[in-house]
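Architecture at a glance
Each chain, written out:
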Amino acid sequence: MMGALADIAAWHPEIDVVLTSHPNPNVQTAMDEILSKASSNLIIIPAQPYHIFIDLMNRAHLILSDSGGVQEEAPSLNRPVLVLRDQTEREEGVEAGCLVQAGTDRRQIVDLCRWLLNDEEAYARIALAPNPYGDGLAASRICKVFEEYLMD
């Protein structure tokens, strides 16, 4: 997967590929080995606090992740997600069309990424697919229920 990110950065110097580092020392070592000679537009940053990470996702054009949480959150931001897993527990997102299961094969990840970077129609179809994880209005609905309860 890291090799795929290095390839994408090399073949698309016009974009920044931002990767948050992983806290596991074994993963960090592998990242250093594989990505040490990557293009300068592949930027590795430390893990971020939640609110900053959400802002980064909101500013991203495309998200590649193996995180289940990201698979659920990114569709609310209308960002296509390439799921870097061979299996996902978030099948409803794949079925809804807001997630694309890319797997872990380097060539497949690169091909799918390039497809979404170059095909505006496909990008829009995935970005605007219905979100199976909610419409973003749960908090206001909950507040309304509390308000009605307290008024009674």
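The notes below deal with the structure included here. (Residues numbered from 1 in each chain as written. Predicted model: local features only at pLDDT ≥ 70, side-chain atom pairs only at ≥ 80, totals over all residues. Heavy atoms only, no water.)

1. Comments concerning unusual backbone geometry
Of note in the backbone geometry, N78 takes a positive phi value of approximately 55° without being a glycine. Inspection of the secondary structure puts N78 in the loop between α4 (68-73) and β4 (81-83). You can call N78 partly exposed: its relative accessible area is 36%. (Helix = DSSP H or I, 4+ residues; strand = E, 2+ residues; numbered from the N terminus. Buried < 20%, exposed > 50% of the residue type's maximum accessible area, 1.4 Å probe, protein only.)

2. A closer look at the layout of surface pockets
The calculated volume of the largest pocket comes to roughly 1,200 Å³. Lining the largest pocket are 33 residues, and of these V18, L19, T20, I63 and L64 sit closest to its centre. Those elements giving two or more residues to the lining of the largest pocket turn out to be α1 (2-11), β1 (17-20), α2 (25-35), α3 (50-59), β3 (63-65) and α6 (106-118). Along the lines of polarity and charge, the residues of the lining of the largest pocket split into 23 nonpolar, 7 polar and 3 charged. (1 Å grid on protein atoms, 1.4 Å probe; cavity = no way out; pocket = protein on both sides within 12 Å on 5 of 7 lines; lining within 4 Å. Points joined across faces, edges and corners; volume = space filled by probe spheres on them. Nonpolar A, V, L, I, M, F, W, Y, C, P; charged D, E, K, R; others polar.)

3. Quick word on the pattern of salt bridges
The tally for this structure, following the rule as stated, stands at 7 salt bridges. The shortest N-O distance in the salt bridge between R106 and D7 comes to 2.8 Å. Linking R106 in helix α6 with D7 in helix α1, this pair joins segments that are 99 residues apart in sequence. Note that E72 and R90 form a salt bridge whose closest N and O atoms lie 2.7 Å from each other. Placement of the pair is E72 in helix α4 and R90 in the loop between β4 and α5 (91-96), with a sequence separation of 18 residues. (Salt bridge = Lys/Arg side-chain N within 4 Å of Asp/Glu carboxyl O.)

4. Regarding the pairing of strand β2 (residues 42-45)
Bridging between β1 and β2 involves 4 bridges; their strand directions are parallel. Across the sheet, T20 pairs through a bridge with I45, a residue of β2. After leaving β1, the chain enters α2 and then returns to the sheet as β2, a path that is right-handed. (Pairing = 2+ DSSP bridges. Right-handed = clockwise from strand over helix to strand, strands pointing away.)

5. Comments concerning the sheet that holds strand β5 (residues 99-101)
Reading across the sheet, the 3 strands line up as β3-β4-β5 and stay open at both edges, with parallel pairing between neighbours. One side of each edge strand has no neighbouring strand; the edge strands of this open sheet are β3 and β5. Looking at each pair of strands side by side, their axes are set apart by 25° on average, direction ignored. Strand direction decides the pairing type here: β3 and β4, joined by 3 bridges, are parallel. In the sheet register, L64 faces β4, and the bridge partner there is L82. This element, α6, spans β3, β4 and β5 of the sheet and lies at about 170° to β4. (Axes fitted to C-alpha atoms, helices over the stretch in contact; angles between N-to-C directions. Contact = heavy atoms within 4.5 Å.)

6. So, the environment of L116
Among the secondary structure elements, L116 is positioned in helix α6. The exposure class assigned to L116 is buried, which follows from its relative accessible area of 1%. Sequence spacing of L116 and P80 is 36 residues, and the spatial spacing of their C-alpha atoms is 8.5 Å. Residues within four places of L116 in sequence aside, it is in contact with H61, L62, P80, L82, A122, Y123 and I126.

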